[in-house]
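Read off the chains here:
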Amino acid sequence: HARTRRRLFSGVGYYRHAGAPPSADPAEQSLMMLREASAAGADFVRCPEDVGAVPGYVFASGADGCGYYRQHDAPPPDGVEYSRMVLQRASAAGATFVGCPAFIEEVAGYEFRQDGAEGSGYYLLQVPPTNNSFHTGKEDTYDEFLESMKEMGAM
């Protein structure tokens, strides 16, 4: 028993619970990152394998390694699309403020303000209650969580 346990749980780190839902598809995650990088205009995105077509990019092994290289005739970066992606990710994570120089789209639970306290961007209208009390004994906001992770050196 002890010998089996040692083999299964050797090393320090996090282990996935056997009853946890399946993790996201790695190829789909790679495609999402590639779309974000292409919207930002990246010249090269390292990727160990071809995960599908990305407009304006070709998968190849070149001077920077294996990955997606921006083609010379690729359309210019789409700043609005990149801002939209960042806005969607940040709002889904519950950020209280998402900096954005101009209105992009309506986001449920957020209001765009040109001259808000934090500057131009999207402000959370009401901080939703969280269930993070198992760590601190009190409810924390997403921003407090991020700050604590930075203090611990995790970010």
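Please refer to the structure placed before this passage.
A brief look at the structure comes next. (Residues numbered from 1 in each chain as written. Predicted model: local features only at pLDDT ≥ 70, side-chain atom pairs only at ≥ 80, totals over all residues. Heavy atoms only, no water.)

## Considering helix α3 (residues 79-92)
- The terminal C-alpha atoms of α3, which comprises 14 residues, lie 20 Å apart, in line with the 20 Å expected from a rise of 1.5 Å per residue.
- By the burial criterion, the buried members of α3 are S83, M85, L87, A90 and S91.
- Buried residues along α3 sit in contact with α2 (26-40), β4 (97-99), β5 (110-116) and β6 (119-124). (Helix = DSSP H or I, 4+ residues; strand = E, 2+ residues; numbered from the N terminus. Expected span 1.5 Å × (residues − 1). Buried < 20%, exposed > 50% of the residue type's maximum accessible area, 1.4 Å probe, protein only. Contact = heavy atoms within 4.5 Å.)

## Side note on the environment of D78
- Here D78 is to be found in the loop between β3 (65-70) and α3.
- Distance in space between the C-alpha atoms of D78 and S38 is 8.2 Å, their sequence separation being 40 residues.

## A word on the pairing of strand β2 (residues 57-62)
- Of the strand pairs in this sheet, β2 and β3 are connected by six bridges, and their pairing is antiparallel. Along β3, the bridge assignment pairs S61 with C66.
- From the end of β2 to the start of β3, which pair antiparallel, there are two residues. (Pairing = 2+ DSSP bridges.)

## Regarding the sheet that holds β2
- The strand order across the open sheet built from three strands is β1-β3-β2, with neighbouring strands paired in antiparallel fashion. Each end of this open sheet is capped by a strand with a single partner; those strands are β1 (44-46) and β2. The mean angle between the axes of side-by-side strands here comes to 35°, regardless of whether they run parallel or antiparallel. (Axes fitted to C-alpha atoms, helices over the stretch in contact; angles between N-to-C directions.)

## Let's talk about the nonpolar core
- Among the nonpolar cores identified, the biggest contains ten residues, and these are L87, A90, A95, V98, C100, I104, V107, Y110, Y122 and L124.
- Of all elements in the fold, only α3 and β6 reach the threshold of two or more residues within this core. (Core = buried A, V, L, I, M, F, W, Y, C linked by side-chain atoms within 4.5 Å.)

## Digging into the pattern of salt bridges
- Under the defined criterion, the tally for this structure stands at five salt bridges.
- One salt bridge in this structure joins E28 and R35, with 3.9 Å as the shortest N-O distance.
- Exposure remark for R35: the relative accessible area of 42% places this residue in the partly exposed category.
- Put simply, R84 and E105 hold a salt bridge, and the shortest N to O gap is 2.8 Å. You can see R84 sitting in helix α3 and its partner E105 sitting in the loop between β4 and β5, a full 21 residues away along the chain.
- Since its relative accessible area comes to 21%, E105 is described here as partly exposed.
- Linked by salt bridges that have partners in common, E81, R84 and E105 make up one network. (Salt bridge = Lys/Arg side-chain N within 4 Å of Asp/Glu carboxyl O.)

## Structural notes on the side chain of S120
- If you trace the backbone, S120 turns up in strand β6.
- For S120, a relative accessible area of 19% translates into the label buried.
- Within the structure, the side chain of S120 is placed 2.8 Å from the backbone oxygen of C100, a separation counted as a polar contact.
- A polar atom in the side chain of S120 sits 3.3 Å from the backbone oxygen of P101.
- Setting aside chain neighbours within four positions, we find S120 in contact with F97, G99, C100, P101, A102, F112, R113 and Q114. (Polar contact = N/O pair within 3.5 Å; in protein donor to acceptor, adjacent residues only side chain to side chain.)

## Some details on α2
- Across its 15 residues, α2 extends 21 Å between first and last C-alpha, which sits within 8% of the 21 Å expected from 1.5 Å per residue.
- Within the span of α2, buried status applies to L31, L34, E36, A37, S38 and A39.
- Looking at the packing, one finds that the buried side of α2 touches β1, β2, β3 and α3.
- Directly after α2, the chain includes G41, whose backbone phi takes a positive value near 90°.

## With respect to the packing of aromatic side chains
- This structure, assessed with the given rule, holds six aromatic pairs.
- When the ring of F44 is compared with that of Y69, the centres are 4.5 Å apart and the planes differ by 45°; the resulting orientation is tilted. Placement of the pair is F44 in strand β1 and Y69 in strand β3, with a sequence separation of 25 residues. Take F44 and Y69: they sit in the same class, and that class is buried.
- Note that R113 overlies the ring of Y123, its terminal NZ or CZ placed 4.5 Å from the centroid. (Phe/Tyr/Trp six-rings, centres within 6.5 Å; stacked < 30°, edge-to-face > 60°. Lys NZ or Arg CZ within 6 Å of the ring centre and 35° of its normal.)

None of this, on its own, says anything about what the molecule does.
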